[in-house]
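Fold and geometry: a report
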Amino acid sequence: MVIRNERINRRRQVVIIMAPELLILLGAAVILQADLLPDKKFLLLPPVNFTIKAVNLAQVLLRWEPNPDQEQSNIQLGYHVKINAPQEEDYETRNTERNLITILHKGFSASVRTVPWNDHSLQASSWVSAELKAPIGSPGTEIVNLTCTTNTKADNYTHLRPYQVSLHCTWLVGKDAPDDTQYFLYYRYRSWIEECQEYSKDVLQRNVACWFPRTFINSKGRDYLAVYVNGSSKGAAIKPFDQLFALHAIDRVNSPANVTAEIKGTCLSIHWEKPVSAFPSHCFDYEVKIYNAKKGYFQTEKMTTNTLITIIDDVSKYYIQVRAAVSPVCRATGLWSEWSRPIYVGKDDQKPWTEWFLIAVMMTICFILLIFSLICRICHVWTKLFPPVPGPKSNINDFFVIINNEKTGSSETEVISYAEEAGFETLEDSVF
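Along each chain, residue indices are assigned from 1 in the same order as the chain's sequence is written. Local features are withheld for residues below a pLDDT of 70 in this predicted model, meaning they are given only at 70 or higher, and side-chain atom pairs are given and counted only at 80 or more; totals for whole chains, interfaces and linings count all residues. With hydrogens and water set aside, each side-chain value is computed from the structure's full complement of heavy atoms.

1. Observations concerning the state of the cysteines
- Pairs of cysteine sulfur atoms within 2.5 Å are what we label disulfides. Counted according to the given criterion, the structure contains three disulfides.
- One disulfide bridge connects C148 with C169, the sulfur atoms lying 2.1 Å from each other. Taking the torsion about the S-S bond as the criterion, the C148 to C169 disulfide, at about 115°, is right-handed. Highlighted residues: C148 in strand 8 (residues 144-154) and C169 in strand 9 (residues 163-172), separated in sequence by 21 residues. A single burial state applies to C148 and to C169, both of which are buried.
- Linked covalently through their sulfurs, C196 and C210 form a disulfide whose S-S length is 2.0 Å. As the torsion about the S-S bond is roughly 115°, the C196-C210 disulfide counts as right-handed. The secondary structure listing takes helices from DSSP runs of H or I that are at least 4 residues long and strands from runs of E that are at least 2 residues long, numbered from the N terminus. In this scheme, a residue with accessible area under 20% of its type's maximum is buried, one over 50% is exposed, and one in between is partly exposed, where area comes from a 1.4 Å probe on protein chains only.

Here it is as structure tokens:
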């Protein structure tokens, strides 16, 4: 019993001696855990001085500043930007400004808030918003159905820009625009802005189309083309209109050049050159259309090279056309070119034209004779032109004369009767 009590006392002494050390370790663990966990009382404050400014055609600048009252900490801060109009979009960034390409005729509004960049356990700040109002103008006076296309031409006047891009745009007059409304078009590509100088007009002499024979547009570029149209009128304030175009979606590729075809035996070989374009040869896809005149059907082949060799199984005339489009390996898929002018190769298995001519002449003559014969039959022309010849009369020996003398008085009556034999025409009696 004594030994057991001694053991209990020793354990108590050990616990008493180690108690301070245990308290120190526990306190250190609590402090370390507090440092590792985020401060639940740490609040994120919204940005300040948020502004939206139109800096160019279809371009705005969003700018804000960090909240000066934001408590400093080791937490990295970022910003969540939300575009509300003209279309909804959002993104996160650590910058405090952003250039955006967007249409502005509907106005522009956005919101921004502070967010933790890496630690999502903290709650984001409240939103702050700013707005760029839509330009003034009477509803229904802005243009509608704006369409634009670009086309590339070779330029032999300069080596710096061997290709020139033209721009053609058309639109319709606003339904509520006064008759004296006049529209004016501008385009912006990157930092270049140019006003149209060549317009086409409607019956009221209002501008409804624009032509730029030479522009600053790079046909290989990936930037957006911004087109802006405003107007003026004595009767109303004309509302402006702007639109963005992706270059690949409006670029009208030229047709392939110098299409040639040759038949050797049963082998049809077709060759062409790449379209006039700033893109190299490997950047084009092709479609070849072959029409068999004898069988009357089209055959279409897709190609990535500028040569097609195919086998034909009969002799016929073939009509061949080729068109091109920029391949997705070089640019986003866009418009196909127009078909090239048709070329003809091979020969027909039909009769020579001289043979067909003789057949046509003979058929025409036979038709005329048939019509003439029917007319003569209907109108009795033959009877009138060629009356029938009467048949010969019977010989005198076939007749016999019967003379009867009647009456014995001073006067005599002589009666002569001619009687025909059976089968002959009976003549009328003649009385003398």
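Now that the structure is up, let's keep going.
2. Comments concerning the packing of aromatic side chains
- For this analysis, a ring pair means two rings from Phe, Tyr or Trp (six-membered ring only for Trp) whose centres lie within 6.5 Å, classed as stacked if their planes differ by under 30 degrees, edge-to-face if by over 60, and tilted for the remaining angles. All chains considered together, the criterion is met by 10 aromatic pairs.
- Consider the rings of W64 and Y79, whose centres lie 5.7 Å apart with planes at 65°: the pair is edge-to-face. Highlighted residues: W64 in strand 2 (residues 59-65) and Y79 in strand 3 (residues 77-85), separated in sequence by 15 residues. The same class applies to W64 as to Y79, namely buried.
- Taken together, Y291, F298, Y319 and Y344 form an aromatic cluster joined through their ring pairs.
- Placement of a positive charge over a ring is assigned whenever Lys NZ or Arg CZ falls within 6 Å of the ring centre and within 35 degrees of the normal to the ring plane. Its guanidinium or amino end placed over the ring of Y91, R98 lies 4.3 Å from that ring's centre, counting from NZ or CZ.
- Between K220 and the ring centre of F279, over which it is positioned, the NZ or CZ distance is 6.0 Å.

3. Regarding unusual backbone geometry
- The peptide bond linking A85 to P86 adopts the cis configuration, its omega dihedral lying at 10°.
- Structurally, P86 is set in the loop between strand 3 and strand 4 (89-93).
- Despite not being glycine, R190 has its phi angle at roughly 55°, a positive value.
- The partly exposed category is assigned to R190, whose relative accessible area is 44%.

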